[in-house]
Each structure stands twice: as structure tokens, then as C-alpha cells.
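Close look at the chain arrangement
Read off the chains here:
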Amino acid sequence: VQLQAFGGGLVQAGGSLRLSCVASGRTFSGYAVGWFRQPPGKEREFVAAIRSNGGTTIYADSLKGRFTISRDMTKNTVYLQMNSLKPEDTAVYYCAAGSRIIYSSLGIPSAYDHWGQGTQVTVSS
């Protein structure tokens, strides 16, 4: 499955953005989808994930309440709604998909088989 992430941009602190991750080649059916981000000069970190059944989501503790992951199977798209953005949310955001990922591994980048190209999110103060 090929992934394309888009929707990033420049936003002021306190603003919102919605990122989209679109699959091509096949559907997201059977795949868990995760969002990760890589701030400038830092390691890639987990943001959120949604399991293949679409009913279970998991978030980085520091982002709970501000970020929401969801999926629309009719559009073969997974979304990341980001609210109350802060300058420290500035990063390249990546979506990833993987099959047969157990719950405890959803936050681990190496558990995912397929990655999108990333989309830049910049939050100004």
C-alpha cells in the first residue's frame, strides 16, 4: 500500500490543522495506521494510531485531548485533527500503516511496514 500525507502548513499557536493520509494500491482494510512526527533535530516520535478495526485508538500521553485520529473507510483516508497547536508541535508529520501490529507496539515505528512522505507542520508563536 502506498501512502500520501498532506494537509500540513503554517499556523499560529492556538490554531488547528487536519492532516490526511490517503492510501492507494489497496485499501486500509486490515491495517493499523499511525501518525508519527519528527521535530527539527530530534528523533521520530509517536503521535497517534488507530487499529484496523477502526474502533481502538491510542495517543501519546502528551497529546491527548488536543489531537484526534479517525478514519473514513469510504475515502480510504485516515485523519489527524490537531487543535490548540503549540510551537513545539512543529515537525514533519508522517503516516504509516502496518498489518498484524499488536496493541502494545502501535507506538513503535519499526512495527509499521509502509510510510508516507511526510508533511511539514509549522506552528508560529
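Before any of the text, the structure's been laid out above.
Read on for an overview of the structure. Not measured: the values here are computed from a predicted model. (Residues numbered from 1 in each chain as written. Predicted model: local features only at pLDDT ≥ 70, side-chain atom pairs only at ≥ 80, totals over all residues. Heavy atoms only, no water.)

Notes on the overall build of the protein chain
- Per the secondary structure count, the protein chain includes zero helices and eleven strands.
- Each helix and strand of the protein chain, placed in order from N terminus to C terminus, yields the pattern β-β-β-β-β-β-β-β-β-β-β.
- C-alpha atoms of the protein chain, sized along the principal axes, occupy 40 × 25 × 25 Å.
- Burial analysis of the protein chain (125 residues in total) assigns 46% to the buried set. (Helix = DSSP H or I, 4+ residues; strand = E, 2+ residues; numbered from the N terminus. Buried < 20%, exposed > 50% of the residue type's maximum accessible area, 1.4 Å probe, protein only.)

Some details on the sheet that holds strand E3 (residues 17-24)
- With respect to topology, four strands assemble into an open sheet ordered E1-E3-E8-E7, the strand pairing being antiparallel. The two strands at the open ends of the sheet, each matched to only one other strand, are strand E1 (2-6) and strand E7 (67-72). Averaged over all neighbouring strand pairs, the angle between strand axes comes to 15 degrees, with direction disregarded.
- The pairing of E7 with strand E8 (residues 77-82) spans six bridges and is antiparallel. Looking across to E8, one finds that threonine 68 is bridged to glutamine 81. (Pairing = 2+ DSSP bridges. Axes fitted to C-alpha atoms, helices over the stretch in contact; angles between N-to-C directions.)

Section: the packing of aromatic side chains
- All chains considered together, the criterion is met by five aromatic pairs.
- Ring centres 5.6 Å apart and planes at 65 degrees place the aromatic pair phenylalanine 36 and phenylalanine 46 in the edge-to-face group. Residue phenylalanine 36 is found in strand E4 (residues 31-38), and its partner phenylalanine 46 is found in strand E5 (residues 45-50); the two are separated by ten residues along the sequence. The same class applies to phenylalanine 36 and to phenylalanine 46, which are both buried.
- For the pair phenylalanine 36 and tyrosine 112, a centre-to-centre distance of 5.3 Å together with 80 degrees between the ring planes defines the contact as edge-to-face. Of this pair, phenylalanine 36 sits in strand E4 while tyrosine 112 sits in the loop between strand E9 (91-99) and strand E10 (114-115), and the two are 76 residues apart along the sequence. Here phenylalanine 36 and tyrosine 112 have matching classes, each one buried.
- Clustering of aromatic rings is evident, with ring pairs tying together Phe36, Phe46, Tyr94, Tyr112 and Trp115. (Phe/Tyr/Trp six-rings, centres within 6.5 Å; stacked < 30°, edge-to-face > 60°.)

Interpretation in functional terms is not warranted from these geometric data alone.
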